[in-house]
Amino acid sequence: MSFDRRWLEEVGSEDCQGHALWALGLCVSQAGQGSFQMLAAELFRQGLPWPPIHVHRRAVAFTLIGIDEYLRRYQR
């Protein structure tokens, strides 16, 4: 997004989806019990049917870090 709030790309990068899942996984892992953690977990589950088969490795790596963080929550 530019400074004047216009999108610079017609389609967002695959890294954005990977970063979003990483952030949500971290929220699930680090948030205490409550509505914030539950919302992050629900959004994470909704975003997980991603990635498509032809995706960049870096985006997959970000997604895997998010999955690792998400699973840490349930190892306790």
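The structure this text deals with has already been given above.
The structure presented is a predicted model; accordingly, all values stated were derived computationally and were not measured. (Residues numbered from 1 in each chain as written. Predicted model: local features only at pLDDT ≥ 70, side-chain atom pairs only at ≥ 80, totals over all residues. Heavy atoms only, no water.)

### Considerations on the overall build of the chain
Link 1 in the chain: The helix and strand inventory of the chain stands at three helices and zero strands.
Link 2 in the chain: The order of helices and strands in the chain, counted from the N terminus, is α-α-α.
Link 3 in the chain: Counting only C-alpha atoms and orienting by the principal axes, one finds that the chain spans roughly 40 × 30 × 15 Å.
Link 4 in the chain: Burial statistics for the chain: of 76 residues in total, 30% are counted as buried.
Link 5 in the chain: When the accessible surface of the chain is totalled, it reaches about 5800 Å², and 61% of it is carbon and sulfur.
Link 6 in the chain: Of the charged side chains in the chain, 8 are positive and 8 negative; the average position of the first set lies 7 Å away from that of the second. (Helix = DSSP H or I, 4+ residues; strand = E, 2+ residues; numbered from the N terminus. Buried < 20%, exposed > 50% of the residue type's maximum accessible area, 1.4 Å probe, protein only. Areas by Shrake-Rupley, 256 points an atom, 1.4 Å probe, with all protein chains shown as cover. Lys, Arg positive; Asp, Glu negative; His and termini not counted. Charge placed at Lys NZ, Arg CZ, Asp CG, Glu CD.)

### A few points about the nonpolar core
Link 1 in the chain: Leu21, Leu24, Val28, Ala40, Ala41, Phe44, Trp50, Val55, Ala59 and Tyr70 form the largest nonpolar core, which has ten residues in total.
Link 2 in the chain: Every element with two or more residues in this core is listed here: helix 1 (14-30), helix 2 (35-47) and helix 3 (57-73).
Link 3 in the chain: In contact with Phe44, not counting residues within four places along its chain, are Leu21, Leu24, Gly25, Gly66, Ile67 and Tyr70. (Core = buried A, V, L, I, M, F, W, Y, C linked by side-chain atoms within 4.5 Å. Contact = heavy atoms within 4.5 Å.)

### Re the packing of aromatic side chains
Link 1 in the chain: On inspection of all chains with the given rule, the structure shows three aromatic pairs.
Link 2 in the chain: Between Trp22 and Phe62 the ring centres are 5.6 Å apart and the planes differ by 15°, which places this aromatic pair in the stacked class. Here the residue Trp22 occupies a position in helix 1, and Phe62 occupies one in helix 3, the gap between them amounting to 40 residues.
Link 3 in the chain: Its relative accessible area of 29% is what places Trp22 among the partly exposed residues.
Link 4 in the chain: In textbook terms, an aromatic cluster arises when at least three aromatic residues are bridged by ring pairs, as seen for Phe44, Tyr70 and Tyr74. (Phe/Tyr/Trp six-rings, centres within 6.5 Å; stacked < 30°, edge-to-face > 60°.)

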